[in-house]
Amino acid sequence: MKRKAGNAQQIKELLYQALETEIGGLAIYETAVSCAINEDLKKEWLGYLEETRTHRRVLLTVFEQLKLDPQEKSPGREVVRHLGESLVKAMKMAITAGGPEAAQLVATECVVLAETKDHSNWALIGMIAEQHSGAEAKILKQAYDAVATDEDHHLYHTQGWSRELWIESLGFPAVLPPPEEVKKVETAIGASRAEQSRDSMLAH
């Protein structure tokens, strides 16, 4: 397939949103960790917090290499910041309003929402790296390769935690840690298979 130049302005916009998502992600994970009462989940999220710090550094390197100003504001970036702050606010609200179990559930949902955007950003960065050409493509490919697997873990594993903790709260048998975690899921297909295997895991 012939490579073509993409929309430079919109590629820049995506990178600003991606950086803001990682910055917001730090505050989201710090708050989520304070909501986690399951020790395995807390440990998992502490790891994700560290990885998010690394992802931010990876993006800052991209900005340096592409000579972009990491402080520059864009309309989309402001929206991403607002969403991130709203998720932190929602978790803090849950801490004061409900019990620890309720706050933990809200935290898993907030992380899933944040990671859905984060995962989407990186999938698009990977797509640009494939379709685009020249030095920019090489820089983005390097960044994507450094981050992509982490992003899969963050989204699919937290989706599993959210589902199983909800099931437990509803009074039904749950698989904890979730199948996604046990099977070390790294793809959407893997996540779907892991979820389908939960019945057989409960039988053991």
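Residues numbered from 1 in each chain as written. Predicted model: local features only at pLDDT ≥ 70, side-chain atom pairs only at ≥ 80, totals over all residues. Heavy atoms only, no water.

Even after reading the chapter, I still don't get the overall build of the protein chain, so can you show me in this structure?
Across its full length, the protein chain carries 8 helices and 0 strands. Computed over the C-alpha atoms, the radius of gyration of the protein chain is 18 Å, within 12% of the 17 Å expected from 2.2 N^0.38 for a compact globule of 204 residues. Its C-alpha atoms give the protein chain principal-axis dimensions of roughly 55 × 40 × 20 Å. Residue pairs in contact within the protein chain that sit at least 24 positions apart in sequence constitute 73% of those at least 6 positions apart. Entry remark: accessible area of the protein chain is about 10,900 Å², with carbon and sulfur atoms responsible for 57%. The positive charge centre, built from 23 side chains, and the negative charge centre, built from 31, are 6 Å apart in the protein chain. (Helix = DSSP H or I, 4+ residues; strand = E, 2+ residues; numbered from the N terminus. Rg over C-alpha atoms; globule rule 2.2 N^0.38 Å. Contact = heavy atoms within 4.5 Å. Areas by Shrake-Rupley, 256 points an atom, 1.4 Å probe, with all protein chains shown as cover. Lys, Arg positive; Asp, Glu negative; His and termini not counted. Charge placed at Lys NZ, Arg CZ, Asp CG, Glu CD.)

Please clarify how unusual backbone geometry should be interpreted in this entry.
Among all residues save glycine, negative phi is the norm, and among peptide bonds the norm is trans. Cis geometry marks the peptide bond from Leu176 to Pro177; its omega dihedral reads -10°. For Pro177, the position within the fold is in the loop between α5 (134-169) and α6 (179-182). Phi is positive for Lys67, close to 55°, though the residue is something other than glycine. Tracing the backbone through its elements, the reader meets Lys67 in the loop between α2 (39-65) and α3 (75-97). At Lys184, a residue that is not glycine, the phi angle is positive and equals roughly 50°. Relative to the helices and strands, Lys184 resides in the loop between α6 and α7 (188-196). We classify Lys184 as exposed; its relative accessible area is 61%. (Buried < 20%, exposed > 50% of the residue type's maximum accessible area, 1.4 Å probe, protein only.)

Looking at this structure, I do not really get the side chain of Thr31. What am I missing?
Tracing the sequence through the fold places Thr31 in helix α1 (residues 8-35). Within polar-contact distance, the side chain of Thr31 engages the backbone oxygen of Ala27 at 2.7 Å. With residues near it in sequence (within four places) discarded, Thr31 still touches Val88, Met91 and Lys92. (Polar contact = N/O pair within 3.5 Å; in protein donor to acceptor, adjacent residues only side chain to side chain.)

Quick question: what am I supposed to make of the environment of Ala32 here?
Along the chain, Ala32 turns up in helix α1. Along the sequence, Ala32 and Leu87 sit 55 residues apart, while their C-alpha atoms lie 9.8 Å from each other. What Ala32 contacts, discounting residues up to four positions off in sequence, is Trp45, Met91, Ala107 and Val111.

What should I look at first to understand α3 in this one?
With 23 residues, α3 extends 33 Å from end C-alpha to end C-alpha; this agrees with the ideal 33 Å at 1.5 Å per step. Of all the residues in α3, the buried ones are Gly76, Arg77, Val80, Gly84, Leu87, Val88, Met91 and Ala94. Contacts made by the buried residues of α3 are with α1 and α4 (100-131). (Expected span 1.5 Å × (residues − 1).)

Quick question: what am I supposed to make of the nonpolar core here?
The tendency in soluble globular proteins is for nonpolar side chains to be buried side by side. Ile28, Trp45 and Met91 are the most contacted members of the largest nonpolar core, which totals 23 residues. When residues of this core are traced back to their parent elements, those giving at least two are α1, α2, α3, α4 and α5. Residues contacting Ile28, with those up to four places away along its chain left out, are Gly84, Leu87, Val88, Met91, Val111 and Ala114. In this structure, Leu15, Val58, Leu66 and Ile128 belong to the second largest nonpolar core, which totals 20 residues. (Core = buried A, V, L, I, M, F, W, Y, C linked by side-chain atoms within 4.5 Å.)

Whenever I open this one, α5 confuses me. Can you help?
In an α-helix, one full turn covers 3.6 residues, which means residues spaced three or four apart are oriented alike. Counted at 1.5 Å a residue, the expected span for α5 with its 36 residues is 52 Å, and the 52 Å between its end C-alpha atoms agrees. The sharpest bend along α5 measures roughly 40° and falls at Val147. Immediately downstream of α5, the backbone of Gly171 shows phi near 90°, a positive value. (Bend = angle between axes of the 7 residues up to and from the residue.)

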